[in-house]
Amino acid sequence: MGANSLKRPAAWLMRLFAVLLALLAAPLALAADAPAAKPPGDQVADYWREVRQGVPGLSQVQGAESGVLINAEGQAWRDLRNGPIKKYGGTILLAMIGVIALFYLIKGQMKLSAPPTGRKMQRFTSFERFAHWGTAVTFVLMGITGLAILFGRTVLGPLLGSEGLGGLLALGKLVHNYLGPVFLFFTILLIGAFLRDNVWQKCDAAWIAKAGGLFSGGHVPSGRFNFGEKTWFWLGVTFLGLFVAGTGLILNFPALMDRTRELMQDLVLLHAIGAVILLTLSFGHIYMGTIGVEGALDSMKSGEVDETWAKEHHEIWYDDVKAGKSGHP
Amino acid sequence: MARMKFLCDAERCIECNACVTACKNEHEVEWGVNRRRVVTINDGEPNEKSLSVACMHCTDAPCAAVCPVDCFYTTEDGVVLHNKDACIGCGYCLFACPFGAPQFPQDGAFGERGKMDKCTFCNGGPEADNSAEERAKYGRNRIAEGKLPLCAEMCSTKALLAGDANEVSDIFRERVVARGSNRGAWGENLQFNPLGGGKG
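## Let's talk about unusual backbone geometry
Phase 1: The phi torsion at B:E15 lies on the positive side, around 55°, for a residue other than glycine.
Phase 2: Relative to the helices and strands, B:E15 is located in the loop between β1 (4–8) and α1 (18–27).

Given below as structure tokens:
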């Protein structure tokens, strides 16, 4: 009690002192901060400039950004989407197809050099195949519908007309929006299924040095997955897959959390850039997994490969399995 | 051929929001959608200004440029209209539009966008003029009746002007002469510059 009664007047005095100080300082601060009075013409220029930069005003109309008179980023968004993203995106997609076609014409299918033994060994479990094909099917559908949104007007527009294209894309948008989260789900499953086999191994350095024998045709021993497959796993499936699915998931809920146009603009651009790179890489994976390598498609279809195939493409894995180890690095 | 334009005189707009209300009533616009809005800047300060804004019917319309299904078209009068039968509700026109004109009713699950709705300069859509279908989708087609947009027609201070660009600028020019300055016009030099350029 004694201590309190001593402290109380002291605190009161301090407060009084602070208030007096503030009162004294206020006119000084005002004098320092007050801008020199501008002629009316200059003031007008100032506030129109602010409006042009997207500074919001007040509107009685309720809604996201209803007080913003000028959407300052709109023009840049239009220029980027209709310009570089369509131009370079389309170019790298077509270039990749061209490179693969050229590669196939020159090198042809990568055949087994020894006859198959007829003895099969398990390469993929049914869970792994479920995760793979779930991702694959949703990915292809997402890719087709996504490309239709970016390039449909240029490619299909002249054929179908505005309403025909609109009908098709209305369905495409539904598929794209509702399948997106399913794709994300499968991508996470896929990452979980194959993560442990995609860590760095010593043999990967040799694989990189010889570029996987892609051009020399030489044989490079590798674990369950070679460095090319690991690159696809980390860069394609994990980084780009999660990035594209993640940005898409936010775009899926335009009404949530008062999303601003600026956020949506940025996300649409990032989503498109990521998706185009992912699609370009996927062409390589799809080629290698189907017509590029003999027996590759069968391994993911049945889960089993011939021992010759295992020895030729993944020798270290083959040796491990034969030695009774798990085959995982 | 006319070249239809809106012009809002910020020296005259008193933020009564009658244009907003009249528009909503005339076209029976969907719930949650306003084709026009009034924005007040520096609200409550001595240099307060209000402006009524809707689709400005751009010559090189950004909405039309980014639409994935190419559903926009420009009429002979320079009015930018769109076809709701083709619209997929992606929202890209809203991202590109400088004025925030495209509006979307939330009609799907998860707040999904419905078909875009915006100011038609009271000029309907692609359907037959003043047909029941046009009325239901786009509202009344006053231009087809020989009338100008209702928002401007009933503006009590004649702040909001709508009509052929030449006539609108003639009216505004008279005001500029009387005032001795052109400060009421927002981006006036951009809007009426035949080259579309000039610094803001």
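## Details of the nonpolar core
Phase 1: In terms of nonpolar packing, the biggest core is built from 56 residues, with A:W77, A:L169, A:F194, B:V69, B:C71, B:F72 and B:Y92 touching the most fellow members.
Phase 2: Of all the elements in the fold, those that place two or more residues in this core are α3 (74–107), α4 (126–155), α5 (157–194), α7 (227–251) and α8 (261–292) of chain A together with α2 (62–66) and α3 (92–96) of chain B.
Phase 3: Core analysis: the next-biggest nonpolar cluster, separate from the first, contains 35 residues, A:V61, B:V39, B:I41 and B:V53 among them.

## Some remarks on the interface of chain A and chain B
Interfaces are often sized by the amount of accessible area the parts lose when they come together.
Phase 1: Each partner contributes residues to the interface: chain A has 44 residues there, and chain B has 51 residues.
Phase 2: Buried area between chain A and chain B, summed over both chains or domains, comes out near 4,100 Å², and the portion from carbon and sulfur atoms is 59%.
Phase 3: Summed over the shared surface of chain A and chain B, the result is two salt bridges.
Phase 4: For A:R78, the salt bridge identified is with B:D60, shortest N-O distance 2.9 Å.
Phase 5: Linking chain A to chain B there are 22 residue pairs in polar contact (both at pLDDT 80 or more).
Phase 6: Breaking the side of chain A that touches chain B down by element, the ones donating at least two residues are α2 (40–52), β1 (58–59), α3, α4, α5 and α8 of chain A.
Phase 7: If you tally residues by element for the side of chain A that touches chain B, the top one is α5(A), at 10 residues.
Phase 8: When the residues that make up the side of chain A that touches chain B are grouped by side-chain class, the tally is 22 nonpolar, 15 polar and seven charged.
Phase 9: Both β1(A) and strand β2 (residues 37–41) of chain B contribute to a ladder of two bridges, which runs antiparallel. Looking at β2(B), one finds that A:S59 is bridged to B:V39.

## Concerning the packing of aromatic side chains
Any two aromatic rings considered together are summarised by their centre-to-centre distance and by the angle between their planes.
All names here are of chain A.
Phase 1: Going through the model one piece at a time under the given rule, you end up with 16 aromatic pairs over all chains.
Phase 2: Ring plane angle 80° and centroid distance 5.9 Å describe the contact between W200 and F227, whose orientation is recorded as edge-to-face. With W200 in the loop between α5 and α6 (203–209) and F227 in helix α7, the pair connects residues that are 27 residues apart, well separated along the chain.
Phase 3: Centre to centre, the rings of F239 and F243 are 6.1 Å apart; their planes meet at 15°, and the pair counts as stacked.

## Some thoughts on the sheet that holds β2(B)
Phase 1: Pairing in this open sheet of three strands is antiparallel, and the strands run β1(A)-β2(B)-β3(B) from one edge to the other. Single-partner strands in this sheet number two, and they are β1 of chain A together with β3 (49–53) of chain B.
Phase 2: As paired elements, β2(B) and β3(B) share five bridges and run antiparallel to each other. Considered in β3(B), the bridge of B:T40 is made with B:S50.

## Here's the deal with helix α11 (residues 315–322) of chain A
Residues and elements named next belong to chain A.
Phase 1: W317, Y318 and D320 are the residues of α11 that are buried. Down the axis of α11, the buried side of the element spans an arc of 165°, and every buried residue falls inside it.
Phase 2: Directly beyond the C-terminal end of α11, a positive phi value near 85° is found at G324.

## Regarding the side chain of B:N123
Phase 1: In this structure, B:N123 sits in the loop between α3 and α4 (132–138).
Phase 2: Ignoring anything within four residues of it in the chain, the contact list for B:N123 reads B:T75, B:V79, B:L81, B:E134, B:R140, B:N141 and B:I143.

## Considering the environment of B:L150
Residues and elements named next belong to chain B.
Phase 1: Within the element layout of this structure, L150 appears in helix α5 (residues 150–153).
Phase 2: Classification of L150 by relative accessible area gives buried; the value is 18%.
Phase 3: Expressed as a C-alpha distance, the spacing of L150 and K115, which sit 35 residues apart in the sequence, is 23 Å.
Phase 4: In contact with L150, other than residues within four places in its own chain, are A22, E26, C122 and R142.

## Let's talk about the domain arrangement of chain A
All names here are of chain A.
Phase 1: Examined at the domain level, chain A breaks down into domain 1 (37–72) and domain 2 (74–322).
Phase 2: Tallying the contact residues gives five residues for domain 1 and six residues for domain 2.
Phase 3: Carbon and sulfur atoms make up 32% of the surface buried where domain 1 meets domain 2, a total of about 480 Å² over both sides.
Phase 4: When the buried surface of domain 1 facing domain 2 is broken down by residue, A64, E65 and N71 rank first, second and third, together holding 85% of it.
Phase 5: Its salt-bridge partner being R261, residue E65 comes within 3.1 Å of it at the nearest N-O pair.
Phase 6: Where domain 1 meets domain 2, there are three residue pairs in polar contact (both at pLDDT 80 or more).
Phase 7: Taken together, the residues that form the side of domain 1 that touches domain 2 break down as three nonpolar, one polar and one charged.

Definitions and cut-offs
- Residues numbered from 1 in each chain as written.
- Chains lettered and ligands numbered in written order.
- Predicted model: local features only at pLDDT ≥ 70, side-chain atom pairs only at ≥ 80, totals over all residues.
- Heavy atoms only, no water.
- Helix = DSSP H or I, 4+ residues; strand = E, 2+ residues; numbered from the N terminus.
- Core = buried A, V, L, I, M, F, W, Y, C linked by side-chain atoms within 4.5 Å.
- Buried < 20%, exposed > 50% of the residue type's maximum accessible area, 1.4 Å probe, protein only.
- Contact = heavy atoms within 4.5 Å.
- Buried area = accessible area lost by both parts, 1.4 Å probe.
- Salt bridge = Lys/Arg side-chain N within 4 Å of Asp/Glu carboxyl O.
- Polar contact = N/O pair within 3.5 Å; in protein donor to acceptor, adjacent residues only side chain to side chain.
- Nonpolar A, V, L, I, M, F, W, Y, C, P; charged D, E, K, R; others polar.
- Pairing = 2+ DSSP bridges.
- Phe/Tyr/Trp six-rings, centres within 6.5 Å; stacked < 30°, edge-to-face > 60°.
- Arc of directions from axis to C-beta.
- Domains from an automatic or database assignment.

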